[in-house]
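# Descriptive analysis of the structure
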2 protein chains.
Amino acid sequence: MFSKACEYAIRASTYIALKSLEGTRVSLKEIAEKIDSPVAFTAKVLQQLSKNNIVDSVKGATGGFQISTQNISNIKLAQIVYAIDGNNVYEGCGLGLKKCNANEPCPVHDKFVQIRADLKNMLENTSLYDMTIGLEEGLTSLRR
Amino acid sequence: MFSKACEYAIRASTYIALKSLEGTRVSLKEIAEKIDSPVAFTAKVLQQLSKNNIVDSVKGATGGFQISTQNISNIKLAQIVYAIDGNNVYEGCGLGLKKCNANEPCPVHDKFVQIRADLKNMLENTSLYDMTIGLEEGLTSLRR
DNA sequence: ATTAAATAGGATAAAATTGTCCTATTTATA
DNA sequence: TATAAATAGGACAATTTTATCCTATTTAAT
Ligand code: FES
Ligand code: FES
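Here's a quick rundown of the structure. Just so you know, these numbers come straight off a predicted model, no measurement behind them.

### Quick word on unusual backbone geometry
- Unlike most non-glycine residues, asparagine 53 of chain A shows phi in positive territory, near 55°.
- Along the chain, the position of asparagine 53 of chain A falls in the loop between helix H3 (39-51) and strand E1 (56-58).
- Looking at asparagine 53 of chain A, the relative accessible area reads 56%, which means it is exposed.
- Not every positive phi belongs to a glycine, and arginine 144 of chain B is a case in point at roughly 60°.
- Relative to the assigned elements, arginine 144 of chain B resides in the segment after helix H8 (128-132).
- By relative accessible area, arginine 144 of chain B is classed as partly exposed at 26%.

Right under this line is the structure:
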């Protein structure tokens, strides 16, 4: 469904959001540990998220990653997926034709666009804040 | 969503089904041409489909691939996807956790399982015969 | 029998994705 | 000012996926 990079991106952003709500900035090292991801690879993903203004990075000692309270509410999973995996999830053909096109549809087009729309809808309506709910209480998890 | 191999598998099976309904067997070369896929790679995919009894292969001159009328009705996309991509589509976690598990869910679990169920449902209820409807008349396409 | 056309399958190669390592830069603090 | 801790980013390595090439085998038809 999503690339590994994108899975890490969502999990990392969620963890950063959680800690930002608690008022603390988090280091790459801590993030990778808490979401169980390879450190250096996660660094690349975070760089991309930073460039896309999805997370804020602070350099230097005591630096780290954070997300503003406003952005925690405003940023949706759809933006993260788009930043890392591009628009294939939203516009790609289920059977791999170059362009999904209702005018010359593949045999699964009608059924596929519905599922894709549901997925898109879910991603567009799930904020980072939504993602953090239940995390602190251990009702949901970012590792294992 | 699906691997390239799986996309080719679905398109190839659909084309073979179409021609089998017309009573003719088709060669690898013709298949690759009609679904716009790399010949040798498609051969590997067809080998796998043959091993999984999704398509029948006939060796030798005048040989080729075909699917029995019964199987055209009975074989569902779900079987093809499973044969090529395994069960990740059906059982994998949306955020890449090792196991999707309702007892220790990731933050998107509840929403994700629904979408996954819809997809699974669609794949389990779409037969190769369904896939061929509209193809002959050009209402749907396997290339472009 | 020979030939030609087809699939089967092993060995590689190319490309994309995933992952690692090292150095540069930034910045708080001692 | 020196140091230590942090991100940024370039270069590279490993793995997986995708694609190609070549040979063996099968089989219909001449
Ligand atoms: S053309 Fe294939 S999903 Fe739209
Ligand atoms: S645990 Fe992530 S989708 Fe079920």
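### Side note on the packing of H3 of chain A against helix H5 (residues 77-85) of chain A
All names here are of chain A.
- Their axes nearest at 10 Å, the elements H3 and H5 cross at an angle of 115°. By the angle class used here, H3 and H5 are roughly perpendicular. Here H3 runs over H5; the crossing is right-handed. Counting all contacts with H3, which are made through Val45, Gln48 and Leu49, the residues of H5 involved are Ile80, Ala83 and Ile84.
- Looking at the contact of H3 with H5, its residues break down into 5 nonpolar, 1 polar and no charged.

### Describing the side chain of threonine 126 of chain B
- Tracing the backbone shows threonine 126 of chain B in the loop between helix H7 (109-124) and H8.
- Given the relative accessible area of 2%, threonine 126 of chain B is considered buried.
- A polar contact of 2.7 Å, which involves the side chain of threonine 126 of chain B, links it to the backbone oxygen of methionine 122 of chain B.
- When neighbours within four sequence positions are excluded, threonine 126 of chain B is seen to be in contact with Lys111 of chain A together with Ile75, Lys76, Leu77 and Met131 of chain B.

### So, the relation of the copies chain A and chain B
- Superposition record for chain A on chain B: RMSD 0.0 Å, screw rotation 180°, translation along axis 0.0 Å. The transformation relating the two chain copies, once decomposed into turn and shift, fits a two-fold axis. The position closest to the rotation axis in chain A is occupied by the C-alpha of methionine 1 of chain A, lying 2.2 Å away.
- When you check the interface residues of chain A against chain B, 100% turn up at the interface there too, and the contact is symmetric in its surfaces.

### Quick look at the environment of lysine 76 of chain A
Residues and elements named next belong to chain A.
- By the element assignment, lysine 76 lies in the loop between helix H4 (69-74) and H5.
- Residues lysine 76 and asparagine 125, 49 residues apart in the sequence, show an inter-C-alpha distance of 6.5 Å.
- A polar side-chain atom of lysine 76 sits 3.1 Å from the main-chain carbonyl oxygen of asparagine 74.

### Considering the protein's contact with DNA strand C
- Not every one of the 26 residues close to DNA strand C is listed here, only the nearest: Pro38 and Gly60 of chain A together with Leu28, Lys44 and Ser57 of chain B.
- If you look at DNA strand C and keep only atoms within 4 Å of the protein, 69% of those are sugar or phosphate atoms.
- Measuring from a phosphate oxygen of DNA strand C, one finds a backbone N or O atom of lysine 4 of chain A at 3.0 Å.
- Between DNA strand C and the protein, one listed contact pairs a base nitrogen with a side-chain N or O atom of glutamine 47 of chain B at 3.1 Å.
- Of all the secondary-structure elements, those providing two or more residues to the surface near DNA strand C are helix H1 (4-21) and H3 of chain A together with helix H3 (39-51), strand E1 (56-58) and strand E2 (64-66) of chain B.
- In terms of residue class, the surface near DNA strand C is made up of 11 nonpolar, 9 polar and 6 charged.

Criteria and cut-off values
- Residues numbered from 1 in each chain as written.
- Chains lettered and ligands numbered in written order.
- Predicted model: local features only at pLDDT ≥ 70, side-chain atom pairs only at ≥ 80, totals over all residues.
- Heavy atoms only, no water.
- Helix = DSSP H or I, 4+ residues; strand = E, 2+ residues; numbered from the N terminus.
- Buried < 20%, exposed > 50% of the residue type's maximum accessible area, 1.4 Å probe, protein only.
- Axes fitted to C-alpha atoms, helices over the stretch in contact; angles between N-to-C directions.
- Parallel < 35°, antiparallel > 145°, perpendicular 65-115°, else oblique.
- Left-handed = near helix turned anticlockwise from the far one by under 90°.
- Contact = heavy atoms within 4.5 Å.
- Nonpolar A, V, L, I, M, F, W, Y, C, P; charged D, E, K, R; others polar.
- Polar contact = N/O pair within 3.5 Å; in protein donor to acceptor, adjacent residues only side chain to side chain.
- Least-squares fit on C-alpha atoms with pLDDT ≥ 70 in both.
- Near = heavy atom within 4 Å.

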